[in-house]
Amino acid sequence: MNFLQLFAHNLTQGPFTDPFPFQPAPTAKRFRGKIEFDPETCEGCRKCEKVCPAGAIRFTKTDKGLEFDCWHDSCVFCGNCEFHCPTNAIHQTQDWHLAHVQQDKYSMVAHGVIPSHECPSCGKPALFTAAPANKVKGFSEAEIAEFRALCPKCRGKYLRDRKSR
Amino acid sequence: MTDHTVACSYKIPVGPLHVALEEPMYFRVAVKGETIETVELNAGHVHRGVEYLATKRTLLQNMILTERICSLCSNSHPEALAMAAETIGAVEVPERAQYLRVIAGEVKRVASHLFNVGILAHLVGYEALFMHAMQVREVAQDLKEAVYGNRMDLGAHCLGGTRCDMDDEAITYMRSALDKLEPDVRELEKTYRTNGSILRRTRGIGILSHADAIACGVVGPVARASGIQYDVRTAAPYHVYDRLPVNVPVLDGCDVWSRAMIRLSEAVNSIEILRVCLDQLPEGPINDGGDPYIPPGQAIARTEAPRGELVYYLKTNDNPEPERLKWRVPSYPNWDALTFMLKEAKVADIAIIVNSIDPCISCTER
């Protein structure tokens, strides 16, 4: 290896380091960064909570409904939750800017609520979770919206009724 | 009257910090003048209890936990764990996934070997070459980030297949990265073969004779540099390695230089394997949901990690958590061989010799 040539090359082509933080650092399109959660599409199966090796994801039942929390400081960015999520409700963004001051450490959380409401059919409290994709195959938009509002018991009844129709 | 007798033999501590890499190894070395007489190895500085943790987590969680045992062979651990679980559950891995597993493994091998030879240049004191080797490795790092989304922990595997598929864009990116990488790696190989500074510090240093290598049961590049032709990829082909041009380089120099040369020619071979994989990559599914049923049972799986043979033992029961998960890492036998390599060596060569086995302490002590 001719090092004089290499030096000349590095002098003209370099530097090879990124000038971050003075300029934004290039990030790959497939970069596995900060978790983002969409309660609209979550069906509340809690698979992500079960597969998370770091215990960063926690679901809690409150008066508001089913609350989702992903602690960014515990997360190891493995993407197991995204891979196992049946409805793509959880995914990793390209965002890796997670440096924060000490007093912000309890707010480094991705939060979402699947709201609780009254089942329009029986009046009991039910979670407004997304309809499982495999159960609503061939359903129209209106049917899906109708099905989604029901409690688990009434959902079963709805499916049986629809089948017999 | 004062006694002027001076002890002719001293014991000096080497480590536990920064012996070769930033990993804690501790040696008590008895020296006579500049020459080493005996070596005592002390282990246990990075014991984290990962084997215990593994029995407290489900198999799906363990796919991630095992990946984080070590950074440089992070692909081989979940790969071997998945292979053991798939053996128990008689899960068939789709062909495309098998190719993708090979691709992930070989990309990691290139990056790992370049890192080790780069560190060798640093320990020799040739900083310009070290910087250049690391700059060449950066191409492999960028490739991992572009295709898998992370520079070290690829997250490529899941039970029954792979997690990450390669689309046309990723394949094109990988081809162009390999085209950029290959001439640079070949150039590095030429430099390490001919450069006087490298040769003077590495030729005839850290000798591990063929007989000692067999007695210690060393694996990987350390074994192949002592004339032992053993590579799991050819001895017990897994995935689709029987269809790929795996070349097992063997040298009988038994020294630090031979180990570096084995690593460089393996890196060149890995690039060739990657190209063949991209050409042959079949269409089809890459997994079956990643959560197959694993019945109670036990199995052993072997893979060729960058440092050598990695053995996984998995015992499952009716619980989702494994009853026992145990692994034998390549650094375990190689580490023991250091007592032979360091015998009669000079104190100044300790770091170079230790680096030549490419020690992975966090794997060994987990």
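What you see is a predicted model; the values in this text were computed from it and never measured. (Residues numbered from 1 in each chain as written. Chains lettered and ligands numbered in written order. Predicted model: local features only at pLDDT ≥ 70, side-chain atom pairs only at ≥ 80, totals over all residues. Heavy atoms only, no water.)

**Thoughts on the overall build of chain A**
Item 1. Scanning chain A for helices and strands turns up five helices and six strands.
Item 2. Reading the helices (α) and strands (β) of chain A from amino to carboxyl end gives α-β-α-β-β-α-β-β-β-α-α.
Item 3. Out of the 165 residues in chain A, the part that is buried amounts to 36%.
Item 4. For chain A, the share of sequence-separated contacts (at least 6 apart) that also reach a separation of at least 24 residues comes to 62%.
Item 5. When the accessible surface of chain A is split by element, carbon and sulfur atoms take 55% of a total near 10,400 Å².
Item 6. Distance between charge centres in chain A, computed from 22 positive and 18 negative side chains, equals 9 Å. (Helix = DSSP H or I, 4+ residues; strand = E, 2+ residues; numbered from the N terminus. Buried < 20%, exposed > 50% of the residue type's maximum accessible area, 1.4 Å probe, protein only. Contact = heavy atoms within 4.5 Å. Areas by Shrake-Rupley, 256 points an atom, 1.4 Å probe, with all protein chains shown as cover. Lys, Arg positive; Asp, Glu negative; His and termini not counted. Charge placed at Lys NZ, Arg CZ, Asp CG, Glu CD.)

**A few points about the sheet that holds strand 8 (residues 324-328) of chain B**
All names here are of chain B.
Item 1. Read from one edge to the other, the open sheet built from three strands follows the order 6-7-8, with strand pairing classed as antiparallel. Looking at the sheet topology across the chains shown, the edges are occupied by strand 6 (297-305) and strand 8. Ignoring which end each strand starts from, the neighbouring axes of this sheet average 15 degrees apart.
Item 2. Relative to strand 8, strand 7 (residues 308-316) is paired through five bridges, and the arrangement is antiparallel. Pairing of K315 across the sheet is with R324, part of strand 8.
Item 3. Helix-sheet contacts for helix 3 (residues 76-89) involve strand 6, strand 7 and strand 8, and the interaxial angle to strand 6 is about 145 degrees. (Pairing = 2+ DSSP bridges. Axes fitted to C-alpha atoms, helices over the stretch in contact; angles between N-to-C directions.)

**Details of the domain arrangement of chain A**
Residue and element names in this part refer to chain A.
Item 1. One can read the domain layout of chain A as domain 1 (29-115) and domain 2 (119-165).
Item 2. Between the C-alpha centres of domain 1 and domain 2 there is a distance of 26 Å.
Item 3. The partner domain 2 presents eight residues to the 10 residues of domain 1 that form the contact.
Item 4. Roughly 650 Å² of surface becomes buried between domain 1 and domain 2 when both sides are summed, with 59% attributable to carbon and sulfur atoms.
Item 5. Its largest share of buried area at the contact with domain 2, domain 1 owes to E40, E43 and P115, together 58% of the area lost on that side.
Item 6. For the pair domain 1 and domain 2, the interface holds one salt bridge.
Item 7. R148 is the salt-bridge partner of E40, the closest N and O atoms lying 3.8 Å from each other.
Item 8. The interface formed by domain 1 and domain 2 contains three residue pairs in polar contact (both at pLDDT 80 or more).
Item 9. Secondary structure elements with two or more residues in the side of domain 1 that touches domain 2: strand 3 (65-71) and strand 5 (109-118).
Item 10. Of the residues contributing to the side of domain 1 that touches domain 2, the split by class is five nonpolar, three polar and two charged. (Domains from an automatic or database assignment. Buried area = accessible area lost by both parts, 1.4 Å probe. Salt bridge = Lys/Arg side-chain N within 4 Å of Asp/Glu carboxyl O. Polar contact = N/O pair within 3.5 Å; in protein donor to acceptor, adjacent residues only side chain to side chain. Nonpolar A, V, L, I, M, F, W, Y, C, P; charged D, E, K, R; others polar.)

**Regarding the side chain of B:N116**
Residues and elements named next belong to chain B.
Item 1. The topology assignment puts N116 in helix 4 (residues 95-124).
Item 2. The class of N116 is buried, set by a relative accessible area of 3%.
Item 3. Setting aside its immediate chain neighbours within four residues, N116 contacts R263, N355 and D358.

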